[in-house]
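Below are the chains, spelled out letter by letter.
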Amino acid sequence: MSNTQSMIFTIYGDYIRHYGNKIWIGSLIRLLKEFGHNEQSVRVAVSRMMKQGWLDSEKKGNKSYYFLTTRGLVRMEEAAIRIFKVMPNDWDGKWRMLMYTIPEEKRQVRDELRKELLWSGFGSFSNGCWISPNSLEKEVESLIEKYDIKNYVDFFIADYKGPQENRALVEKSWPLQELEGKYKEFISTYSNQFIVHQSLMNDGRMTDAECFVERTNLVHEYRKFLFTDPGLPKELLPEIWSGNHAALLFEQYYKLLAQSASHFFEEVFQEDNDMRRKNKAYDADEHPLLAD
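Thresholds applied
Residues numbered from 1 in each chain as written. Predicted model: local features only at pLDDT ≥ 70, side-chain atom pairs only at ≥ 80, totals over all residues. Heavy atoms only, no water. Buried < 20%, exposed > 50% of the residue type's maximum accessible area, 1.4 Å probe, protein only. Helix = DSSP H or I, 4+ residues; strand = E, 2+ residues; numbered from the N terminus. Contact = heavy atoms within 4.5 Å. Polar contact = N/O pair within 3.5 Å; in protein donor to acceptor, adjacent residues only side chain to side chain. Pairing = 2+ DSSP bridges. Axes fitted to C-alpha atoms, helices over the stretch in contact; angles between N-to-C directions. Salt bridge = Lys/Arg side-chain N within 4 Å of Asp/Glu carboxyl O. Phe/Tyr/Trp six-rings, centres within 6.5 Å; stacked < 30°, edge-to-face > 60°. Lys NZ or Arg CZ within 6 Å of the ring centre and 35° of its normal.

Moving on, we come to helix α2 (residues 25-33). Of all the nine residues making up α2, seven are buried; the element is thus mostly covered by neighbouring parts of the structure. Along α2, the residues that are buried comprise Ile-25, Gly-26, Ser-27, Leu-28, Ile-29, Leu-31 and Leu-32. Tucked into the core, α2 has its buried residues touching α1 (4-14), β1 (22-24), α3 (39-51), β3 (63-68), α9 (208-222) and α10 (242-269).

Here it is in structure tokens:
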């Protein structure tokens with residue numbers, strides 16, 4: 001069974017934020033029950049997420065409602081853009097380089113910064129030097145401010161003049177072969193499931209609740225690549241890259257399950273939450289970030 005907190009993040013990212021970003025704890029418990037998580041584990045996870053600054057709460061009568069903080073919303077938006085991006089970006093030919101010398105007494109800050117840089121798509125080129133071909137200037141500014149490390153970092157936007165090819169920098173900074181293997185595993189597992197579920201849905205033998213579980217599990221599994229795939233532009237990827245095939249499979253599978261899954265979510269949500277807060281432009285079947 002997947003971690004309760006991690007699954008709550010997935011449900012906020014793929015459902016709740018499109019419905020006003022707020023949910024009654026009872027509804028959240030009901031949704032998580034479909035994955036085998038009990039009430040106590042949901043309450044403990046929500047409490048932990050509040051302490052970590054991802055969620056906040058408000059009372060209405062005797063009911064507690066939980067919503068993503070500004071920090072949580074920003075992280076969800078960043079994640080969604082990367083999860084639902086079907087094809088790699090074009091490259092402007094520039095490298096972003098972040099160099100730091102953070103003293104030992106700030107070791108915790110250094111460790112946290114490394115995690116954030118990995119999540120943003122930076123690669124560890126050498127000790128204290130991180131690189132990315134993507135336009136991550138805003139993310140870098142935000143990290144420098146968040147960790148108050150202005151005195152310990154230098155940030156460059158640079159051209160690489162050799163003597164190797166640009167792709168040599170990629171091989172040095174990211175474990176692409178390992179990532180290729182993980183994408184192949186994803187394709188193998190989910191292409192089989194996609195065919196089975198397509199057949200079951202055509203025969204009317206799959207409930208909305210089952211579609212909700214499968215769509216949520218699909219997003220949950222696919223979003224793990226956020227922590228390992230730097231989202232490199234196509235100019236820097238191998239000619240045959242399974243990440244592209246995995247993205248197209250994800251798109252097809254997501255669209256197959258989208259409407260039925262949303263029906264189930266709305267059935268649960270409408271009982272003690274405000275359906276009027278649903279984003280009028282939101283249509284699960286035509287996910288704005290899945291535009292080709």
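By the element assignment, Asn-38 lies in the loop between α2 and α3. A C-alpha to C-alpha distance of 9.2 Å links Asn-38 and Thr-4, two positions 34 residues apart in sequence. There is a polar contact of 2.8 Å between the side chain of Asn-38 and the backbone nitrogen of Ser-41.

Let us now look at the pairing of strand β5 (residues 123-126). Where β5 lies against strand β6 (residues 129-132), three bridges are found, and the strand directions are antiparallel. Opposite Ser-126, over in β6, you have Cys-129 as the bridge partner. Two successive antiparallel strands, β5 and β6, enclose a turn made up of two residues, where Gly-128 displays a positive phi of approximately 80°.

Reading across from one edge, β1-β3-β2 is the order of the three strands in this open sheet, with antiparallel pairing throughout. What marks the edges here is a single partner per strand, and that holds for β1 and β2 (55-60). This sheet shows a mean twist of 30° between the axes of neighbouring strands, independent of strand direction. The pairing of β2 with β3 spans six bridges and is classified as antiparallel. Bridging from a neighbouring strand, Lys-59 pairs with Ser-64 of β3.

All right, on to the sheet that holds strand β4 (residues 95-100) then. The strand order across the open sheet formed by four strands is β5-β6-β4-β7, and the pairing between neighbours is antiparallel. Either end of the sheet is taken by a strand with one partner, and the two such strands are β5 and β7 (153-158). Here the average twist between neighbouring strands, direction ignored, is 30°. Sheet topology places β4 next to β6; four bridges connect them, and they run antiparallel. Residue Met-99 lies in a different strand from β6, and its bridge partner there is Cys-129. Packing of helix α5 (residues 107-120) onto the sheet brings it into contact with β4 and β6, and relative to β4 it is tilted by some 170°. Packing against the sheet, helix α6 (residues 137-147) makes contact with β4 and β7, and its axis sits at approximately 175° to β7.

Inspection of the entire model under this criterion finds 25 salt bridges. Among the ionic pairs, Glu-77 bridges to Arg-17, the shortest N-O distance being 2.9 Å. Taken together, the positions of Glu-77 in helix α4 (residues 70-83) and Arg-17 in the loop between α1 and β1 put the pair 60 residues apart, joining distant regions of the chain. Overall, Glu-77 belongs to the partly exposed group, its relative accessible area being 36%. Across the pair Arg-107 and Glu-104 runs a salt bridge whose closest N-O atoms are separated by 2.5 Å. You can call Glu-104 partly exposed: its relative accessible area is 44%. One connected set of salt bridges, linked through shared partners, spans Arg-75, Glu-78, Glu-116 and Lys-146.

Right, let's get into the packing of aromatic side chains. Counted under the stated rule, the structure contains 22 aromatic pairs. With a centroid separation of 5.7 Å and an interplanar angle of 55°, the aromatic rings of Phe-35 and Phe-212 are classed as tilted. Of this pair, Phe-35 sits in the loop between α2 and α3 while Phe-212 sits in helix α9, and the two are 177 residues apart along the sequence. Here the two residues Phe-35 and Phe-212 agree in accessibility, since each one is buried. Ring pairing ties together the aromatic residues Phe-84, Tyr-183, Phe-186, Tyr-190, Phe-194, Tyr-222, Phe-225, Trp-241, Phe-250, Tyr-253 and Tyr-254, which thus form one cluster. Of note, Lys-63 hangs over the ring of Trp-24, and the distance from its end group to the ring centre comes to 5.0 Å. The ring of Trp-119 has Arg-82 sitting right over it, with the charged end atom 4.9 Å from the ring centre.

Distances and angles like these do not, on their own, reveal function.
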